[in-house]
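If you want the building blocks of each chain, they are given just below.
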Amino acid sequence: MSIEQDVAGEFILGGQASTIHPHGQGLINDTYVVTTDTGRQAILQRINRHVFPHPEHIMENLRVLTEHVRRGIVTGNTAGRKLRLPEILKTRHGKDFAIDTEGGFWRAQEFIGHTCTLEGISDIAQAEEVGFALGRFHALIHDLDPARLHQTLPGFHDAPGYFARFLRASAQPRQTGASRELLHGLSFVESRWSLTRVLEQARREGKLATRPIHGDTKLNNFLFDTQTGKAVSLIDLDTVQPGLIHYDIGDCLRSCANRAGESPGDIASVHFDLDIGRAILKRYLTETRGFLTRFDHDYIYDAIRLIPFELGMRFLTDHLEADHYFKTEWAGQNLHRALVQFRLTASIEANERSLKMLIADLTAV
Ligand code: GN1
Ligand code: MG
């Protein structure tokens with residue numbers, strides 16, 4: 001029996017597990033979809049313990065979050081359409097995780113049926129749906145005290161911290177000479193490193209508040225109803241922790257407004273799509289109107305520019321550190337991924353005026 005089958009048997013899934021298949025395109029955890037003999041399905045995940053030092057903290061955060069959201073919905077905190085969060089499934093011993101014979105940390109969650117994820121945004125209505133879901137998620141959790149959440153991934157989205165790590169990695173002697181691509185990546189970071197401070201400095205100055213965030217708002221973490229095309233859920237809640245909502249806004253736009261995706265064949269095809277950006281922000285800002293401040297609005301452009309740069313720096317650092325963090329399928333993939341994010345950053349910079357104008361327009365009172 002495989003380790004996945006063994007572990008699936010620990011959880012109450014509404015039947016005996018009959019098939020288990022790898023699922024999704026996550027770069028960190030191992031995700032499977034389990035189908036039982038009764039036809040019920042569930043998501044089974046092995047959490048990457050190298051990345052998450054205390055996976056049990058993820059589960060504690062999920063409990064706090066789910067409780068808070070449930071209470072908010074009951075008290076009518078957010079009217080109208082609902083955003084579903086996947087339910088945590090328990091083990092036969094009443095726990096919300098299981099440890100396998102090799103020490104692997106597993107958890108199971110509800111599989112939200114009749115939904116799909118998108119490879120890329122293909123029309124403005126989808127972009128608006130993403131804006132709705134992210135805004136609604138922030139609205140549901142903005143009044144949750146961030147001190148009640150663990151920092152599941154210390155240093156996550158700490159751009160100055162990533163830069164310091166990049167410096168250490170790039171200072172290491174290399175076995176082979178640097179390729180043209182690598183030299184380009186290194187000089188891109190060196191020319192823009194001062195960007196890394198912008199959000200953390202605003203936080204220190206008290207302009208931006210620490211709030212609960214999602215932490216990983218890329219397009220394929222949004223579930224769409226296969227019939228109606230409406231966004232119904234935001235999944236992958238491992239990185240829910242205290243942070244700046246700007247990380248989520250920046251991450252969402254860097255993922256959705258780059259129609260070429262994170263690994264295109266041709267890097268030259270990467271650009272920031274302003275129409276998609278506008279549609280997401282418009283809907284997002286409507287959902288969050290009640291609690292975002294003037295300062296929050298002032299830093300939206302900086303976040304959109306910073307997060308692709310930060311991710312590019314993270315990919316490049318991992319390339320220099322022999323790919324121990326992000327899963328890769330071929331040598332040099334993390335360098336390629338880094339150059340895609342840098343190209344996107346440059347495209348955002350080229351559109352700075354238009355982006356700032358559209359943000360000013362959408363946030364004008
Ligand atoms: C990782 O594993 P996945 O795909 O959910 C990463 C994100 C990156 C993303 C880029 C915990 O997310 O920060 O934006 O890859 N998650 C972690 O594809 O580092
Ligand atoms: Mg994730």
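Heads up: the structure comes first, above all this text.
In this report, the structure presented in the accompanying data block is examined. As the structure is a computational prediction, the values presented were derived from the model and not from experiment.

**Looking at the packing of aromatic side chains**
Consideration 1: On inspection of all chains with the given rule, the structure shows 9 aromatic pairs.
Consideration 2: Considering the side-chain rings of Phe163 and Phe166, the 6.1 Å spacing of their centres and the 20° angle between planes classify their relative orientation as stacked. Residue Phe163 and its partner Phe166 are located together in helix 4 (residues 159-171), separated by 3 residues, close to a single helical turn.
Consideration 3: On the accessibility criterion, Phe166 (0% relative accessible area) is buried.
Consideration 4: A ring pair is formed by Phe309 and Phe342, whose centres lie 5.9 Å apart and whose planes are at 40°; its orientation type is tilted. Taken as a pair, Phe309 in helix 10 (residues 300-320) and Phe342 in helix 11 (residues 333-350) lie far apart in primary sequence, 33 residues in all.

**As for the coordination of the magnesium ion (ligand 2)**
Consideration 1: Those protein atoms acting as donors to the magnesium ion (ligand 2) are Asp216 (OD) and Asp236 (OD), and they sit at 1.9 to 2.0 Å. Residue Asp216 is found in the loop between strand 8 (211-213) and strand 9 (222-225), and its partner Asp236 is found in the loop between strand 10 (231-234) and strand 11 (241-243); the two are separated by 20 residues along the sequence.
Consideration 2: Residue classification places Asp236 among the partly exposed residues on the basis of a relative accessible area of 22%.

**Digging into the nonpolar core**
Across soluble globular proteins, nonpolar side chains show a tendency to be buried alongside one another.
Consideration 1: With 92 residues, the main nonpolar core has Leu65, Val130, Phe137, Leu281, Ile304 and Leu316 as its most contacted residues.
Consideration 2: Ranked by the residues each element gives to this core, the list is headed by helix 10, at 11 residues.
Consideration 3: Counting contributing residues per domain, this core is built from domain 1 (3-111) and domain 2 (124-363), each supplying no fewer than three.
Consideration 4: Ignoring anything within four residues of it in the chain, the contact list for Phe137 reads Leu65, Leu83, Leu85, Ile213, His214, Leu234, Leu237 and Val240.

**Quick look at the site of ligand 1**
Consideration 1: Surveying the vicinity of ligand 1 reveals 15 residues, the closest of which are Asp216, Lys218, Glu262, Arg314 and Tyr325.
Consideration 2: One of the side-chain N or O atoms of Tyr325 is found 2.6 Å from an oxygen atom in ligand 1.
Consideration 3: Coverage of ligand 1 by the protein chains reaches 95% of its 450 Å² of free accessible surface.
Consideration 4: Of the pockets mapped on this structure, ligand 1 occupies the largest pocket.
Consideration 5: For the shell around ligand 1, the residue count by class is 7 nonpolar, 2 polar and 6 charged.
Consideration 6: Among the domains, domain 1 (3-111) and domain 2 (124-363) are the pair contributing at least three residues each to the shell around ligand 1.

What counts as what
Residues numbered from 1 in each chain as written. Chains lettered and ligands numbered in written order. Predicted model: local features only at pLDDT ≥ 70, side-chain atom pairs only at ≥ 80, totals over all residues. Heavy atoms only, no water. Phe/Tyr/Trp six-rings, centres within 6.5 Å; stacked < 30°, edge-to-face > 60°. Helix = DSSP H or I, 4+ residues; strand = E, 2+ residues; numbered from the N terminus. Buried < 20%, exposed > 50% of the residue type's maximum accessible area, 1.4 Å probe, protein only. Donors = N, O, S within 2.8 Å, 3.2 Å for Na, K, Ca; no water. Core = buried A, V, L, I, M, F, W, Y, C linked by side-chain atoms within 4.5 Å. Domains from an automatic or database assignment. Contact = heavy atoms within 4.5 Å. Near = heavy atom within 4 Å. Polar contact = N/O pair within 3.5 Å; in protein donor to acceptor, adjacent residues only side chain to side chain. Areas by Shrake-Rupley, 256 points an atom, 1.4 Å probe, with all protein chains shown as cover. 1 Å grid on protein atoms, 1.4 Å probe; cavity = no way out; pocket = protein on both sides within 12 Å on 5 of 7 lines; lining within 4 Å. Sits in = over half its atoms within 2 Å of the grid points. Nonpolar A, V, L, I, M, F, W, Y, C, P; charged D, E, K, R; others polar.

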